[in-house]
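# Residue-level structure breakdown
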Amino acid sequence: MAKQQRTQKQTTVDHKNGNGYQQEHTEVFDDNLLPDATEIQKLKEMDPEIMTWLKARAEKEQDFRPAAFNHRTTILENDVKGSIRINTMGILFAFIIIMSGMAFSAFLVHYGSIIAGTIFSGFTIVYAASLFLRKKRNTSNEK
């Protein structure tokens, strides 16, 4: 059966830059499905049918592990699909907003507000470039 062991140790550290503490935390987890032979022998003396019960529990555990792994994998796949969908929608809406801004600036230029249309178009282009550069910078920092 599973055996757990935890140890924690804190030591004082003296360094040329000052004093401090060092934390050490160790965990040992043995996830064997069956106990060792001596424990099985002791349990069998108490209950002769313990082996049947232990085998049934081990089979249930073996069935559970792949199912749990598959469930975690499904959750991860859904998360990745959601991130891709959000990124695609963001690019699509950014494109729509940029094209709308350019169309509005063309409208302004067409109806005689050349300076306002040019300034609005310039701000739209600068804003679009800053969006894409910011996104590129964020993705390069995550790596």
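Presented here is an overview of the structure given in this document. (Residues numbered from 1 in each chain as written. Predicted model: local features only at pLDDT ≥ 70, side-chain atom pairs only at ≥ 80, totals over all residues. Heavy atoms only, no water.)

### Focus: the overall build of the protein
Secondary structure summary: the protein contains 3 helices and 2 strands in total. The N-to-C order of helical and strand elements in the protein reads β-β-α-α-α. Across the 143 residues in the protein, those meeting the buried criterion constitute 11%. If you take every contact in the protein between residues at least 6 apart in sequence, the share linking residues at least 24 apart comes to 36%. Surface exposure of the protein reaches about 12300 Å², of which carbon and sulfur atoms provide 61%. (Helix = DSSP H or I, 4+ residues; strand = E, 2+ residues; numbered from the N terminus. Buried < 20%, exposed > 50% of the residue type's maximum accessible area, 1.4 Å probe, protein only. Contact = heavy atoms within 4.5 Å. Areas by Shrake-Rupley, 256 points an atom, 1.4 Å probe, with all protein chains shown as cover.)

### A few points about the packing of aromatic side chains
Following the criterion strictly, the structure yields 3 aromatic pairs and no others. Ring geometry for F104 and F120: centres 5.1 Å apart, planes at 75 degrees, overall edge-to-face. Here F104, found in helix 2 (residues 50–110), pairs with F120, found in helix 3 (residues 114–142); they are 16 residues apart in sequence, far enough to count as distant. Residue F120 is classed as partly exposed on the basis of its relative accessible area of 34%. Members of the aromatic cluster, joined through ring pairs, are F104, F107, Y111 and F120. (Phe/Tyr/Trp six-rings, centres within 6.5 Å; stacked < 30°, edge-to-face > 60°.)

### Focus on a nonpolar patch on the surface
Taken together, M89, L92, F93, F95, I96, I97 and M99 make up a surface patch of nonpolar side chains, about 700 Å² in accessible area. Within the element layout of this structure, M89 appears in helix 2. On the basis of relative accessible area, M89 is assigned to the partly exposed category, the value being 40%. (Patch = residues over 30% accessible without salt bridge, like charges linked within 9 Å, V, L, I, M, F, W, Y side chains within 5 Å. Salt bridge = Lys/Arg side-chain N within 4 Å of Asp/Glu carboxyl O.)

### Observations regarding helix 2
The end-to-end C-alpha distance of helix 2 is 89 Å, a good match for the 90 Å that 61 residues give at a rise of 1.5 Å each. Restricting attention to buried positions, one finds in helix 2 the residues I50, L54, A58, A68, G82, A94, I98, G101, S105 and L108. Immediately beyond the C-terminal end of helix 2, within one or two residues, lies G112, with a positive phi of roughly 100 degrees. (Expected span 1.5 Å × (residues − 1).)

### Regarding the environment of Q41
With respect to the element layout, Q41 can be found in helix 1 (residues 37–46). Classification of Q41 as partly exposed rests on a relative accessible area of 47%. Residues Q41 and M51 lie 10 residues apart in sequence; the distance between their C-alpha atoms is 9.7 Å.

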